[in-house]
Amino acid sequence: MDGLLIDLASPMDSENFDKEHFKLVENDIKHLFKTFTENKIENISPVHEVEFSCFLASMKKKEAKEKSSLKYINFNDSNIGTVHNIWKSSGTDPYSINMAAIKVKIATGIMILQYQRSRFSKNCISAICPLCNIEPEDMTHFILKCEKLSSIRNRFMQELKSLLVDCNKPPLLIQELFDDKENLLHLIIDCTSYHFLTYKEQVRIETLTRGLCYKLYHKRLLLMSE
């Protein structure tokens, strides 16, 4: 299969995936392409084929935006078949690509947090964060709130603020981004949704937040293994 989600989610190693969750994600991706397989039209004219392809692309975007696990991905400015900024900005350096792969897992909901484990087990498993034992471990908690990860998070957040200041963004805008958790998650996961950022600024932010996600991920692994 090819398309927006595949361009975003590969190349990604499949080791240590929760098999049940991977199957659910795989089914979601298959569903996004169901429209194409059920509506294939033979002997269609080139003009109508382009129109039909555009229609299918629109449908794929619409369905993708309805997935809660993809809520922080900017689909409005994405084109089918293009490389997402998470991969595009990582270049060819193996270390950067590895960090991008980790971020993609987080951005697409493929990384299994305790909230997902609880949901898939029909609440037989607790959703409470295994690191801090304070509240359910969802993406917001993992990236922005878990106190056990604060030493890593605080350093990167300060760097992110400084970057925006260096880019001459208004103080009130920066405050609004950091005071609202939804705004901040959009900035961290996929900053391309903010059109006040230039492409070069988006690359700088993506490079920084890629490092943040990578460090949080490995710190969590380390704490979980203790």
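Cut-offs applied
Residues numbered from 1 in each chain as written. Predicted model: local features only at pLDDT ≥ 70, side-chain atom pairs only at ≥ 80, totals over all residues. Heavy atoms only, no water. Helix = DSSP H or I, 4+ residues; strand = E, 2+ residues; numbered from the N terminus. Buried < 20%, exposed > 50% of the residue type's maximum accessible area, 1.4 Å probe, protein only. Contact = heavy atoms within 4.5 Å. Areas by Shrake-Rupley, 256 points an atom, 1.4 Å probe, with all protein chains shown as cover. Axes fitted to C-alpha atoms, helices over the stretch in contact; angles between N-to-C directions. Parallel < 35°, antiparallel > 145°, perpendicular 65-115°, else oblique. Nonpolar A, V, L, I, M, F, W, Y, C, P; charged D, E, K, R; others polar.

The chain carries the name Reverse transcriptase zinc-binding domain-containing protein in an unreviewed UniProt entry, which gives Mytilus edulis as its organism.

A. Up close: the overall build of the chain. Summing up its helical and strand segments, the chain has 12 helices and 0 strands in all. Start at the N end of the chain and walk to the C end: the helices and strands fall as α-α-α-α-α-α-α-α-α-α-α-α. A buried classification covers 45% of the 226 residues belonging to the chain. For the chain, contacts bridging at least 24 residues in sequence account for 62% of all contacts bridging at least 6. For the chain, the accessible area works out to roughly 12700 Å², and carbon and sulfur atoms hold 53% of it.

B. A look at the packing of helix α11 (residues 181–189) against helix α12 (residues 199–225). Where α11 meets α12, the closest approach of the two axes is 8 Å, and the angle between their N-to-C directions is 100°. In this view, α11 runs roughly perpendicular relative to α12, as classed from their interaxial angle. Residue-level contacts link Leu-187, Ile-188 and Ile-189 of α11 to Ile-205, Glu-206, Thr-209, Leu-212 and Cys-213 of α12. Looking at side-chain class alone, the contact of α11 with α12 contains 6 nonpolar, 1 polar and 1 charged residues.

C. Broad picture of the side chain of Gln-202. For Gln-202, the location among the structural elements is in helix α12. The class for Gln-202 is buried, based on a relative accessible area of 11%. Contact partners of Gln-202, with chain neighbours within four places excluded, come to Asn-85, Cys-191, Thr-192, Tyr-194 and Leu-197.

D. The arrangement of the side chain of Arg-220 in detail. Mapping Arg-220 onto the fold places it in helix α12. The exposure class assigned to Arg-220 is buried, which follows from its relative accessible area of 7%. Ignoring any residue separated from it by four or fewer positions in sequence, one finds Arg-220 in contact with Met-111, Ile-112, Leu-113, Gln-114, Pro-130, Leu-131, Glu-137, Phe-142 and Leu-149.

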